[in-house]
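Now for the letters of each chain:
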Amino acid sequence: MKPRLNVIWNEIYCKRCILCVEVCPVGILSLEMDEIVEKPGCIRCYQCERYCPDIAIEVMDEGEKSS
Amino acid sequence: MIDRSYKELLKLKRFPHTWCPGCGIGAVLKNVAISLRELGWNDRNTTVVSGIGCSGRMAGYMNLDAVHTPHGRALTAAEAIKTVRPDLNVVVLSGDGDLGAIGGNHLLHTSRRNPNITVFCNDNEIYGLTGGQAGPTTPKGTKTITSPRGEIFQPLRLGRILTTQAPYFYARTTVYHLNHFKACIREALFWKGFSFVDIISDCIELNGRRLGFKTAHQMFKWFDERFHIVEGVRDHLKDDELGIAKREVEAEVKAEMEVEKEPKVLIEGLKLFTLEELKHFDGTDGKPIYIGYKGKVYDISTSPLFQGEKRMRCHIAGKDLTRDIEIAPHGEDLVYHFPMVGKLKVKAEAEK
Ligand SMILES: Cc1ncc(C[n+]2csc(CCOP(=O)(O)OP(=O)(O)O)c2C)c(N)n1
Ligand code: SF4
Ligand code: SF4
Ligand code: SF4
Ligand SMILES: [Mg+2]
């Protein structure tokens, strides 16, 4: 799995509905090779986490960020 | 950082849940759990009831006492539970077909009897579980598996039926309008009496795709085109409005009830507490738990909600809760059950 910048993704809970991809206001999430991939540029708006119906994506707390 | 403690209310061991990718039911489950958590409703004081259908699976994913009833009978079980255990919060989680079609008769009569229960209806305008047949809330003209040329009948307008006689609480929202959705959930949980939240939701697999939508988000955009939010409280909602329609009992009747509810002051010359002094009685080290309410101090130490470990973490202890209790469900009645132990010096008085 690709390294995570700002969001933690749970591949077991995720059903690849791409809601997170479509609600992200800066368009940095995508579904590639059956994985939710995060590009740099997250503004930590929490939209992906709020909309995910499967509790499969979470924005990291400031402390956990690998920067 | 955001609060994720709502997950304690969900049976994460059973995740991933059964619903299709992008199905709105997951959003309903999650947001109801968030609100219950915020209000402190938990396995000690809350029961959830579901009927049958994809939506009817919701109660089974909650870490609360849950009842999975036969098709259409969620309200019968919920009302019975509330009747024998009025101290419990009762929440119904079910679908539009379950509540509006086979359970329609119960919806009429339970709402008429106005028990203090809250219903969250995942309204996907279809019978999802059985394959996408037209149901009672399917809009006229919708193509479904049983209406390939478009549904020919008018839908049942739950919003009109449930707002014919006061008291009533009916809210319509969607899984897309998240802030509005959460506000409706909270308001409904606070309402004393029968409250119904009609949550327009997506059945992407067995309804959305037939209508030409490829993803749940495309359906969300369609909800946004079909509905708009109206501010403030209404008597009724038009068919394309999202908002809250509520009315209390007639004014005179209510005034009478208020008078009866005031507790009688039994002890003359009650001890006077300042807010500082009140803080001391927070339940730690065997001290009692006192709270302030409308200028009086009550001893709530005996409440089953704050025993054992919970006693130490009782976040309301030693505080003046006048404002919080006024907005909480059954707040007042709860306080008046406990012994009054003193009067509270309000700020202005204390400064003198
Ligand atoms: C007595 C009875 N009649 C019919 C059924 C078949 N049945 C199961 S779920 C369902 C419809 C559920 O629709 P809804 O409440 O809208 O739930 P959804 O699946 O759309 O979430 C029906 C008709 C049943 N289980 N029991
Ligand atoms: S919204 Fe959730 S379930 Fe859907 S693709 Fe994103 S992480 Fe997966
Ligand atoms: S937090 Fe906001 S910006 Fe960051 S990935 Fe999620 S939706 Fe996109
Ligand atoms: S059939 Fe429809 S309602 Fe049932 S889980 Fe799938 S999308 Fe949701
Ligand atoms: Mg349905």
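Residues numbered from 1 in each chain as written. Chains lettered and ligands numbered in written order. Predicted model: local features only at pLDDT ≥ 70, side-chain atom pairs only at ≥ 80, totals over all residues. Heavy atoms only, no water.

Focus: the site of ligand 1
Residue and element names in this part refer to chain B. Rules: Any residue with a heavy atom lying within 4 Å of a molecule or strand is counted as near it. Each polar contact in these results corresponds to two N or O atoms within 3.5 Å; when the atoms are within protein, one needs to be able to donate a hydrogen and the other to accept it, and residues that are neighboring in sequence are counted only if both atoms are side-chain atoms. Residue exposure ignores everything except the shown protein chains as possible cover, and the areas themselves are Shrake-Rupley values with a 1.4 Å probe.
Taken together, 16 residues sit near ligand 1, with Ser55, Asp96, Gly97, Asp98 and Gly128 positioned nearest. Contact between ligand 1 and cysteine 54: an oxygen atom at 2.8 Å from a main-chain N or O atom of the residue. Contacts to ligand 1 include aspartate 98, whose backbone N or O atom sits 2.7 Å from an oxygen atom. Relative to its free-state accessible area of 590 Å², ligand 1 is covered by the protein chains to the extent of 72%.

Quick look at the sheet that holds strand E3 (residues 89-95) of chain B
All names here are of chain B. The criterion, for reference: Strands qualify as paired when DSSP identifies two bridges or more between them. Helical segments are the DSSP runs of H or I of at least four residues, strand segments are the runs of E of at least two, and each set is numbered from the N terminus. Here the axes come from fitting lines to C-alpha atoms, over the contacting stretch only for helices, and the angles between their N-to-C directions go from 0 to 180 degrees.
One open sheet holds the 8 strands; their spatial order is E2-E1-E3-E4-E6-E5-E8-E7, and the pairing between them is mixed. The strands lining the two open edges of the sheet, one partner per strand, are strand E2 (65-68) and strand E7 (228-234). Each strand of the sheet is rotated relative to its neighbour by a mean of 15°, with strand direction disregarded. In terms of strand pairing, strand E1 (residues 46-50) meets E2 through 4 bridges, oriented parallel. Along E2, the bridge assignment pairs valine 49 with valine 67.

Points about the packing of helix H2 (residues 74-84) of chain B against helix H4 (residues 104-113) of chain B
All names here are of chain B. Rules: Any angle between 65 and 115 degrees counts as roughly perpendicular, while under 35 counts as roughly parallel, over 145 as roughly antiparallel, and the rest as oblique. In this scheme, a crossing is called left-handed if the near helix is turned counterclockwise away from the far one by less than a right angle; it is called right-handed if the turn is clockwise. Here, residues are in contact when the closest pair of their heavy atoms is within 4.5 Å. Each residue gets one of three labels, nonpolar for Ala, Val, Leu, Ile, Met, Phe, Trp, Tyr, Cys and Pro, charged for Asp, Glu, Lys and Arg, and polar for the others, Gly among them.
Contact pair H2 / H4: the axes reach a minimum separation of 9 Å and the direction vectors enclose 25°. Taken together, the axes of H2 and H4 are roughly parallel relative to one another. Relative to H4, the crossing made by H2 is left-handed. Residues Leu75, Thr76 and Glu79 of H2 lie in contact with H4, whose contacting residues are His106, Leu107, Thr110 and Arg113. For the contact of H2 with H4, a count of residues per class yields 2 nonpolar, 3 polar and 2 charged.

Overview of the coordination of the magnesium ion (ligand 5)
Spelled out, the test is: Distances decide who is a donor: an N, O or S atom must be within 2.8 Å of the metal, or within 3.2 Å for Na, K and Ca. Water is not included, so sites may look incomplete. Only protein chains enter the calculation, and the probe is 1.4 Å; a residue is then buried if its accessible area is under 20% of its type maximum, exposed if over 50%, and partly exposed in between.
The magnesium ion (ligand 5) binds to the protein through Asp96(B) (OD), Asn124(B) (OD1) and Ile126(B) (O), with metal-donor distances spanning 2.0 to 2.2 Å. In this structure Asn124(B) comes out as buried when scored by relative accessible area, which is 5%.

A look at the interface of chain B and chain A
The following threshold applies: Put simply, buried area is the surface a 1.4 Å probe can reach on two separate parts but cannot reach once they are joined, added for both. By salt bridge we mean one thing: a side-chain nitrogen of Lys or Arg within 4 Å of a carboxyl oxygen of Asp or Glu.
Each partner contributes to the interface: chain B provides 28 residues, whereas chain A provides 19 residues. Here chain B meets chain A over a buried area of about 2,100 Å², counting both sides, of which 56% is carbon and sulfur. Seen at the junction of chain B and chain A, the total is 4 salt bridges. Our count for the chain B to chain A interface comes out at 14 residue pairs in polar contact (both at pLDDT 80 or more). Residue assignment for the side of chain B that touches chain A shows that the elements contributing at least two residues are helix H1 (25-39), helix H6 (178-190) and helix H8 (216-226) of chain B.

A closer look at the pattern of salt bridges
Should the charged atoms of two oppositely charged side chains come close, the side chains can pair. All names here are of chain B. Enumeration according to the criterion identifies 17 salt bridges over all chains in this entry. Residue arginine 37 pairs with glutamate 8 through a salt bridge whose shortest N-O separation is 2.9 Å. You can see arginine 37 sitting in helix H1 and its partner glutamate 8 sitting in the segment before H1, a full 29 residues away along the chain. Under the relative-accessibility criterion, arginine 37 is labelled partly exposed at 33%. Residues arginine 226 and glutamate 125 are paired through a salt bridge, measuring 2.8 Å at the closest nitrogen-oxygen approach.

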